[in-house]
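Structural features, examined
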Amino acid sequence: MLDVRDLRKFYPGEAGPVPVLRGIDLSLGPGETLALTGESGSGKSTLLHLIGGLDHPDGGSIELDGIDVTALDDAGRAALRRRTVGVIFQQFNLIPSLDVARNIAFQAKLAGQHDADWTTELAARLGLSDHLHKYPEQLSGGQQQRVAIGRTLAARPRLVLADEPTGNLDEETGAAVLGLMLRLVEETGAALLTVTHSDRLAARMGRRLHLRHGRIAR
Amino acid sequence: MIGAALGALLSHWTRRPFQLLTLVIGLATATALWSGVQAINAQARQSYADAANRLGEADLPVIEARGGGDLAQARFIALRRAGWQVAPIIEGQLASGDTAILLIGIDPLSMPPGRLPGGAGFGAEPGAGLDADFLAPPGVLLTGPETASQLEGALPVPVRAAEGMAEGRAYADIGIAQRLLNRPGRIDRMLVTGPGSLGAPSLERIAPDLAQRRPSGEDDALGRLTDSFHLNLTAFGLLAFAVGLFIVRGAIGLAFEQRRPVFRTLRALGVSRNALLGLLAAELAALALVSGAAGMGLGYLLAGLLLPDVAATLRGLYGAQVEGALSIRPAWWLAGLAIALAGTALAAAGSFWQVARLPLLAPAQPRAWALASRKLLRGQQLAALALAAAAIALALWGSGLIAGFALLGAALLAAALLLPSILQGALALGARTARGVVQDWFWADTRQQVPGLSLALMALLLALSANIGVGTMVSSFRLTFTGWLDQRLAAELYVTAPDAETAARMREYLAPRTGAILPIVQAEARIDGQPGAIYGVADHATYRRNWPLLGSVPGVWDRIAAGGSVLINEQLSRRAGLVPGDKIDLPGGRFNIAGIYSDYGNPAPQVMMGLTRFESEFPEVPQLRFALRVPPEAAADLARALRAQFGLGDDAVVDQAAVKALSLAIFERTFTVTAALNVLTLSVAGLAILTSLLTLGTMRLPQLAPVWSLGLTRARLARLELTRAILLAAITFLAAVPTGLLLAWVLLSIINVEAFGWRLPMHVFPGDWLRLGVLSLLAAALASLWPSIRIARTPPSDLLKVFANER
């Protein structure tokens, strides 16, 4: 489903381009879960952004469901993010002016795949039924991240990309949120690629890749 | 996708209805002020066009005397016999009581079909179906219904209202008009109504003293004279629109800043850049159309309220008749909505540019309104310098009214752009006086607020400058005008006889009872190619001592009395570039210019010649009006005696005080519209401050919470907030004083000269500034009262959220 080959990325530096990714190869099948770990600056988030079509690589290829992501223009990548990929951010990135119910349904509606029953069920499974008419500023961090997960899964993406999904939460809340996310992802049959610093989180994923200085270490 | 994304964008406004209201009010107010002024201008221009096109003068060639002046009717007959298709016209002012109309005499038999004044009495074919009443004595005056009712029974000729006729103008058969205007056998010009017969000799051959003027709609004298007045109004409308746009810019800028995270999220979730920009454009266009429509409604109401004053001004200044009722024109609505859209596009252009360039992975926290604005400040300084340089260049080398207004715009915009730097500088100086940590924080925090409030403060600067500038102009004008009236209206009584016989008896009666009887005689003539007037002036000490001369040759009054020299008004001098010592062609020959006199309230050219010479050049003009010199204490008794002796009405005998009061009343009314626009502009600026403070209020919590946590009470923070608004308004006011004086100078020395033809000395009125200063501080205090109260009432739990990770 996901096939990444020799992926390279540079950032401009004072003394010339600084390599962030130096030839990454990875693949992921439907329903698989993969943790990307590594120190700060190892290139984890950059890799996630490239796979999600949020950024351009400087070399290599990314194939997602047979589509060459690197060959897509802005509109093509936008369509990919709407329909195929769902991204869960560390900072939640909810729409502050929409209430919980509308935030959860938001991406599904963008993708033209809104299913009211599924959205309601998701909200209930995420423990948000009593908060549907609240706005993000009225929620705790854990609740906001559950809304973000709901928003992503409501669109039934083929691939879920999660960037430090519990990084902003305390350990107990993080563990609960992670458990929920894994269960729901498994039920939807989506593949999951998670960037994390946490060994405990990584241990709960099917596979684990460690990045060091822009390369896969093991 | 479109619906969901648009819903997310629009939800910002439903969560922040006040911000939406700010945007709508700003845009509606700006559109209202602009479109209101445009409606007034369009209505006035339509009235002129209706009047000018009534006889087709805008598109038919005209034959007139080469040196100006009128013609003998025999010239018309001679041209007709030579094969020329011409129609004679005579026109002149006809006064009756309070009403003065322009009487136009025509020959319906020689006018082509379709060129005759519309309405009763005329058929489609020349000469066919003509109302016998129109041609046969005593004749009929055809005019608009309103004028007809004003003139009813006041003239020796029946007056008939005709639908579609312009008010303030009346048409009569040429013979009847000649009699009413006391100009038997004279005409003013001839319309060339068709091609001449084959073999008709050229005009140069048979009448070298006559000239043919090509038709031109823009040659319409009334339109030309009033253009400057309308340009003034347009400039004020534009200024008010610009001030309103500052609110719009502020509201849009803030909304875009607050939605930066939403934009990034939308992009991350699959909305392409173009789709996002398209949706934002659609959102703003919809808001602009709704606000613009509301503004058009307000503008229509505003125009309806102001139109009577504008009509009175145009009547008083130019004798132009403008209908009092406003008509709705589709073009006006379309133009108003277009200006609302254009204004919104202009106000949103910067924000759009930022969104278009917003990197998908950039930190998306709201930047609290460009707090890192050093670069912006530098850009503003450079733009201000460029505009100031342009203003100086325009002052040195520009000419014409448009250049004058461009100079005005460049200078005002330069001052507005420089304001943030001035505020930062003043606050930095203030910070040096800080004693204690709270004052330290106060000055630093105030400086931090400048970028967020700068647009509103710029709007305040523009409004205050306009107030000071226009106020200085009007007050200078008033001071000069009253002094000028004292000089010009030196005689104690002014009397008008109904006819020549009464006038002769009156002179006999007055001779032993007055110090002097000074005839006031006037003939209409084309001077320097424009309609104007020639006055006859008696050789008397009243003129020698009092007449307001701006420049003259030695022995000016002796030269005038001798008959070979004339005085010209300032307007004519400036327009034609004539100075004392030059020569001017007038009916009757070439005259030396002995002096120039100031002549406010009249844009038309005017000439004064010695009475004896006038009588020989214009023997047909009867002497019906006189200025009387009597001891002031005897004036009232003599006026009463004159009325009783000759059966004169109140209007026929007027004392100096009454004339002055009337003139001043006309003067004051002239500036009613300007004053109204001034007040409205200042109100809009006050609104801009209020809305800026309120919308920024939510961003203040993270800045105020730490200070509150360190021991400052909410009440004290609120008081400091109030002080801050007053302080910023005070600095803005201080910057507005020199800007306003610069504006006044441009208005008095450049715009007025270009627009009206006269230059006025500038006087300063610090008392007025003080009043305006207090008013602006009060407005700022009032505007910040509510936001301050909100700070004082902020629950501690809201302040605590700032420190919690959950906010």
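Residues numbered from 1 in each chain as written. Chains lettered and ligands numbered in written order. Predicted model: local features only at pLDDT ≥ 70, side-chain atom pairs only at ≥ 80, totals over all residues. Heavy atoms only, no water.

The name given to chain B in an unreviewed UniProt entry is ABC transporter membrane spanning protein, with the source organism recorded as Profundibacterium mesophilum KAUST100406-0324. Under Subcellular location (unreviewed entry), UniProt gives the following word-for-word description of chain B: "Cell membrane". (UniProt positions renumbered as here; feature names shortened; annotations may be inferred.)

Per an unreviewed UniProt entry, the recorded name for chain A is ABC transporter nucleotide bindingATPase protein, and the organism is Profundibacterium mesophilum KAUST100406-0324.

1. Description of the overall build of chain B
Scanning chain B from N- to C-terminus turns up 25 helices and 20 strands. Within chain B, the fraction of its 807 residues that count as buried is 54%. As displayed, chain B has an accessible area near 33,700 Å², and 61% of this comes from carbon and sulfur atoms. (Helix = DSSP H or I, 4+ residues; strand = E, 2+ residues; numbered from the N terminus. Buried < 20%, exposed > 50% of the residue type's maximum accessible area, 1.4 Å probe, protein only. Areas by Shrake-Rupley, 256 points an atom, 1.4 Å probe, with all protein chains shown as cover.)

2. Some details on the packing of helix 3 (residues 100-111) of chain A against helix 1 (residues 2-15) of chain B
Across the interface, helix 3 of chain A lies against helix 1 of chain B with an axial gap of 9 Å and an inter-helix angle of 145°. Touching Arg-102, Phe-106, Lys-109 and Leu-110 of chain A of helix 3 of chain A are Ala-4, Ala-5, Gly-7, Ala-8 and Ser-11 of chain B, all from helix 1 of chain B. Here the residues of the contact of helix 3 of chain A with helix 1 of chain B sort into five nonpolar, two polar and two charged. (Axes fitted to C-alpha atoms, helices over the stretch in contact; angles between N-to-C directions. Contact = heavy atoms within 4.5 Å. Nonpolar A, V, L, I, M, F, W, Y, C, P; charged D, E, K, R; others polar.)

3. A short note on the packing of helix 15 (residues 500-510) of chain B against helix 20 (residues 635-646) of chain B
Residue and element names in this part refer to chain B. Where helix 15 meets helix 20, the closest approach of the two axes is 12 Å, and the angle between their N-to-C directions is 140°. Classified by the angle their axes make, helix 15 and helix 20 are oblique. Considering the relative orientation of helix 15 and helix 20, their crossing is right-handed. Contact residues: Thr-502, Arg-505, Met-506, Tyr-509 and Leu-510 in helix 15; Leu-638, Ala-641, Leu-642, Gln-645 and Phe-646 in helix 20. Broken down by class, the residue content of the contact of helix 15 with helix 20 amounts to seven nonpolar, two polar and one charged. (Parallel < 35°, antiparallel > 145°, perpendicular 65-115°, else oblique. Left-handed = near helix turned anticlockwise from the far one by under 90°.)

4. Section: the nonpolar core
Counting residues in each nonpolar core, the largest one holds 139 residues, and the members touching the most others are Ile-534, Ile-568, Ile-584 and Leu-586 of chain B. The leading source of residues in this core is helix 14 (residues 437-488) of chain B, at 25 residues. One finds Leu-98 of chain A together with Phe-241, Ala-255 and Ile-339 of chain B within the second-largest nonpolar core, a separate group that totals 38 residues. (Core = buried A, V, L, I, M, F, W, Y, C linked by side-chain atoms within 4.5 Å.)

5. Brief notes about the sheet that holds strand 2 (residues 18-28) of chain A
Residue and element names in this part refer to chain A. Taken in spatial order, the four strands line up as 2-1-4-5 in an open sheet, and their pairing is antiparallel. At either end of the open sheet lies a strand with only one pairing partner, and these are strand 2 and strand 5 (67-68). Of the strand pairs in this sheet, strand 1 (residues 2-11) and strand 2 are connected by eight bridges, and their pairing is antiparallel. Looking across to strand 2, one finds that Leu-7 is bridged to Ile-24. The strands that helix 1 (residues 44-51) touches are strand 1, strand 2 and strand 4 (59-64); relative to strand 1, the one it contacts most, it runs at about 120°. (Pairing = 2+ DSSP bridges.)

6. Description of the pattern of salt bridges
It is possible for side chains of opposite charge to pair when their charged atoms get near one another. Residue and element names in this part refer to chain B. In this structure the tally under the stated criterion is 26 salt bridges over all chains. The salt bridge partner of Asp-188 is Arg-183, with a shortest N-O separation of 2.7 Å. Classification of Asp-188 by relative accessible area gives buried; the value is 13%. With its nearest N and O atoms 4.0 Å apart, the salt bridge here joins Arg-505 to Glu-501. (Salt bridge = Lys/Arg side-chain N within 4 Å of Asp/Glu carboxyl O.)

7. Description of the sheet that holds strand 9 (residues 207-212) of chain A
All names here are of chain A. Strand order in the open sheet made by the six strands is 6-7-8-3-9-10, with mixed pairing throughout. Strands with a single pairing partner mark the edges of an open sheet, and in this sheet they are strand 6 (85-88) and strand 10 (215-216). Pairing geometry for strand 3 (residues 33-38) and strand 9, over five bridges, is parallel. If you follow Gly-38 over to strand 9, its bridge partner there is Leu-211.

8. Points about helix 2 (residues 74-83) of chain A
Among the ten residues of helix 2 of chain A, seven are classified as buried, and the element is accordingly described as predominantly covered. The set of residues buried in helix 2 of chain A consists of Gly-76, Arg-77, Ala-78, Ala-79, Leu-80, Arg-81 and Arg-82 of chain A. Among the structural elements, helix 1, strand 4, strand 6 and helix 3 of chain A together with helix 9 (260-268) of chain B are those in contact with the buried residues of helix 2 of chain A.

9. Observations regarding the interface of chain A and chain B
Listed as interface residues are 27 residues of chain A and, on the opposing side, 23 residues of chain B. Taking both sides of the interface into account, the surface hidden between chain A and chain B amounts to around 2,200 Å²; carbon and sulfur atoms contribute 59%. Linking chain A to chain B there are two salt bridges. Arg-267 of chain B is paired through a salt bridge with Asp-74 of chain A; the nearest N and O atoms lie 3.5 Å apart. Our count for the chain A to chain B interface comes out at seven residue pairs in polar contact (both at pLDDT 80 or more). Secondary structure elements with two or more residues in the side of chain A that touches chain B: helix 2, helix 3 and helix 5 (141-154) of chain A. The dominant element in the side of chain A that touches chain B, judged by the number of residues it contributes, is helix 2 of chain A, at six residues. When the residues that make up the side of chain A that touches chain B are grouped by side-chain class, the tally is twelve nonpolar, seven polar and eight charged. (Buried area = accessible area lost by both parts, 1.4 Å probe. Polar contact = N/O pair within 3.5 Å; in protein donor to acceptor, adjacent residues only side chain to side chain.)

10. So, the pairing of strand 1 of chain A
Two faces, one strand: in a regular strand the side chains alternate between the faces of the sheet. Residues and elements named next belong to chain A. Adjacent in sequence and paired antiparallel, strand 1 and strand 2 are bridged by six residues, among which Gly-16 carries a positive phi angle near 105°. Strand direction decides the pairing type here: strand 1 and strand 4, joined by five bridges, are antiparallel. Among the inter-strand pairings, Arg-5 is bridged to a residue of strand 4, identified as Ser-61.

11. A word on the confidence of the model for chain B
Residue and element names in this part refer to chain B. Predicted confidence across chain B gives a mean pLDDT of 80, with 85% of residues reaching 70 or more. Here residues 119-129 scores under 50 on pLDDT; set against residues more than four positions off or in separate chains, the count is 22 contacts. Predicted confidence is poor over residues 216-221, with pLDDT under 50, and the contacts of this stretch with residues over four places away or in other chains come to seven contacts. (pLDDT = per-residue confidence, 0-100.)

12. Re the side chain of Thr-166 of chain A
For Thr-166 of chain A, the position within the fold is in the loop between strand 7 (159-163) and helix 6 (171-188). By relative accessible area, which is 15% here, Thr-166 of chain A ends up buried.

13. Let's talk about the environment of Ser-140 of chain A
Residues and elements named next belong to chain A. For Ser-140, the location among the structural elements is in the loop between helix 4 (116-125) and helix 5. Residue Ser-140 is classed as partly exposed on the basis of its relative accessible area, which comes to 24%. Sequence separation between Ser-140 and Leu-169 is 29 residues, and the spatial gap between their C-alpha atoms is 9.6 Å.

14. A look at the packing of aromatic side chains
Aromatic rings considered in pairs are described by the distance between their centres and by the relative angle of their planes. Residue and element names in this part refer to chain B. Inspection of the entire model under this criterion finds eight aromatic pairs over all chains. Arranged with centres 5.5 Å apart and planes meeting at 85°, the rings of Tyr-509 and Phe-646 form a pair that is edge-to-face. Linking Tyr-509 in helix 15 with Phe-646 in helix 20, this pair joins segments that are 137 residues apart in sequence. For Phe-646, a relative accessible area of 13% gives the class buried. On the numbers, 5.7 Å between centres and 65° between planes, the contact of Tyr-543 with Trp-547 is edge-to-face. Every member of this aromatic cluster is reached through a ring pair, and the members are Tyr-543, Trp-547, Trp-557 and Tyr-597. Residue placement shows Arg-513 over the ring face of Tyr-509; its charged tip is 3.7 Å from the ring centre. When the ring centre of Trp-441 is taken as reference, the NZ or CZ atom of Arg-724 above it lies at 5.7 Å. (Phe/Tyr/Trp six-rings, centres within 6.5 Å; stacked < 30°, edge-to-face > 60°. Lys NZ or Arg CZ within 6 Å of the ring centre and 35° of its normal.)

15. Thoughts on the environment of Leu-254 of chain B
Residues and elements named next belong to chain B. Locating Leu-254 in the fold gives a position in helix 8 (residues 221-258). For Leu-254, a relative accessible area of 1% translates into the label buried. Each C-alpha atom of the pair Leu-254 and Gln-19 lies 8.8 Å from the other, and the pair is 235 residues apart in sequence.

16. Details of a nonpolar patch on the surface
On the surface, Leu-742, Trp-745, Met-762 and Val-764 of chain B cluster together to form a nonpolar patch covering roughly 350 Å² of accessible area. Counting through the fold element by element, Met-762 of chain B comes out in the loop between helix 23 (714-755) and helix 24 (766-792). (Patch = residues over 30% accessible without salt bridge, like charges linked within 9 Å, V, L, I, M, F, W, Y side chains within 5 Å.)

17. Some words on helix 14 of chain B
Residues and elements named next belong to chain B. The end-to-end C-alpha separation of helix 14 is 66 Å, well short of the 76 Å expected for 52 residues at 1.5 Å each. Maximum bend of helix 14: about 65°, positioned at Leu-453. Across the 52 residues of helix 14, 39 count as buried, placing the element largely inside the fold. (Expected span 1.5 Å × (residues − 1). Bend = angle between axes of the 7 residues up to and from the residue.)

18. Topic: the pairing of strand 6 of chain A
Residues and elements named next belong to chain A. Neither face of strand 6 is exposed, since Val-85 and Val-87 on one face and Gly-86 and Ile-88 on the opposite face are all buried. Sheet topology note: the strand 6/strand 7 ladder contains four bridges and is parallel. Paired with Gly-86 across the strands is Val-160, a residue of strand 7.

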